[in-house]
Amino acid sequence: MSASTTLLPFQPSRMSTAQLAAVSFLARYPGRTHALYAFQLRQWFAWCEHHGLDPLVGIQRAHVELYIRGLGERGLMDSSVVTMMHGVRGFFRFAHVDGLISADPAVYARLPKVQRDESRTQGLDRLELIRFLQVAQTMSVHHGALAFLLGINALRASEAAAVHIEHYADTLRGHRVLHLVGKGNKPATMPLTVPVLRVLEACRGQRTSGPLVLRPVSGKPIDRRDAYRMVTRIAKTAKIPRHISPHSLRHAAITNALDAGVPLRDAQILARHADPRT
């Protein structure tokens, strides 16, 4: 990629308008979101370079729609095409807001229609979830704690990996609670039932601080990739005959709560979703 389409480093005096707009847009986002949007913008910048276009100035809606069509022709699913455009559309939206371009060429670009009302995640029924939790506890206290955080409290993999012992030390209205920072850096407080607390305490052992769930062999804190591997291992040991991911357990926690008669509003609070359809 030539200097004209390089996103970083930040050197205002030597950057093009497109580079400055990209860096300004990416500065809004931390962590994995920043990395994802940076990748998406690099793909857009590379496409523009290949076609002799400036990535920002002079771009028309037709250019954006040709890029979208090209993503589909590369074999990406419709949902993946829509995801790949998140960073590009945000890039143009904020460039327009900042006055760098007179109009947003991506705002009316046609995207593939993706039906999002139904989840395609394969969850577990009540008996499978019980078996999964039981098997996890026989493998190690760390497998057990991870399974309960995912399958009972509906945490995401990254949230479960980030739980520290200090995060569930508080009591609120007679219940031990877990403090966490969820998706979009939104803080949340979740009550812990006695069975969950018992499993977390077994995992904690004599420790008083630090990450809760550790890699059973090395004793190092887990990350979200470790969580995926541990869940896969538990599912295989429990003889669940399909692919199970941490999101499958989150899905199972919510659907089993609804099946047990929990009101939709309460299940939505458990999921921490703004839209009950998701």
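Just above sits the structure.
Everything quoted here is computed from the prediction, not taken from an experiment. (Residues numbered from 1 in each chain as written. Predicted model: local features only at pLDDT ≥ 70, side-chain atom pairs only at ≥ 80, totals over all residues. Heavy atoms only, no water.)

Caption draft 1: Looking closely at helix α2 (residues 31–50). For α2, built from 20 residues, the straight-helix expectation of 28 Å at 1.5 Å per residue is met to within 8% by its first-to-last C-alpha distance of 29 Å. Turning to α2, the residues buried within the fold contact α1 (17–26), α3 (61–73) and α4 (78–97). Immediately beyond the C-terminal end of α2, within one or two residues, lies Gly52, with a positive phi of roughly 70°. (Helix = DSSP H or I, 4+ residues; strand = E, 2+ residues; numbered from the N terminus. Expected span 1.5 Å × (residues − 1). Contact = heavy atoms within 4.5 Å.)

Caption draft 2: Representation of the side chain of Glu128 within the structure. Inspection of the secondary structure assignment puts Glu128 in helix α5 (residues 126–139). Taking the relative accessible area as the measure of exposure, Glu128 reaches 12% and is therefore buried. If near-sequence neighbours (up to four positions away) are discounted, Glu128 is found in contact with Gly123, Ile240 and Arg242. (Buried < 20%, exposed > 50% of the residue type's maximum accessible area, 1.4 Å probe, protein only.)

Caption draft 3: Representation of the nonpolar core. Membership of the largest hydrophobic core comes to 47 residues, with the highest contact counts inside it found for Phe132, Leu146, Leu149 and Leu212. Mapped onto this core, the elements with two or more residues apiece are α5, α6 (141–151), α7 (157–161), β2 (175–181), β3 (187–191), α8 (194–204), α9 (224–237) and α10 (246–259). By residue number, the principal contributor to this core is α6, which donates six residues. Residues Leu26, Trp44, Phe45 and Val81 belong to the second largest nonpolar core, which totals 29 residues. (Core = buried A, V, L, I, M, F, W, Y, C linked by side-chain atoms within 4.5 Å.)

Caption draft 4: Main features of the pairing of β2. Relative to β2, strand β1 (residues 171–172) runs antiparallel, the two being bridged by two bridges. Residue pairing in the sheet places Thr171 in a bridge with Arg176 of β2. In sequence, β1 turns back onto β2 through a hairpin of two residues, with Arg173 there showing a positive phi of about 55°. Pairing geometry for β2 and β3, over five bridges, is antiparallel. Paired with Val177 across the strands is Pro191, a residue of β3. Here β2 hands over to β3 after five residues, with Gly184 in that stretch at a positive phi of 75°. (Pairing = 2+ DSSP bridges.)

Caption draft 5: Representation of the sheet that holds β2. An order of β1-β2-β3 is seen for the three strands of this open sheet, with the pairing classed as antiparallel. Single-partner strands in this sheet number two, and they are β1 and β3.

Caption draft 6: Structural view of the pattern of salt bridges. Taken as a whole and judged by the stated rule, the model has six salt bridges. Note that Arg204 and Glu201 form a salt bridge whose closest N and O atoms lie 3.0 Å from each other. One end of the pair, Arg204, and the other, Glu201, are both in helix α8, three residues apart, so they sit about a helical turn from each other. With a relative accessible area of 21%, Arg204 lands in the partly exposed category. If you follow the salt bridges from partner to partner, you end up with Arg215, Asp226 and Arg229 in one network. (Salt bridge = Lys/Arg side-chain N within 4 Å of Asp/Glu carboxyl O.)

Limitation: the analysis is restricted to geometry and does not speak to function.
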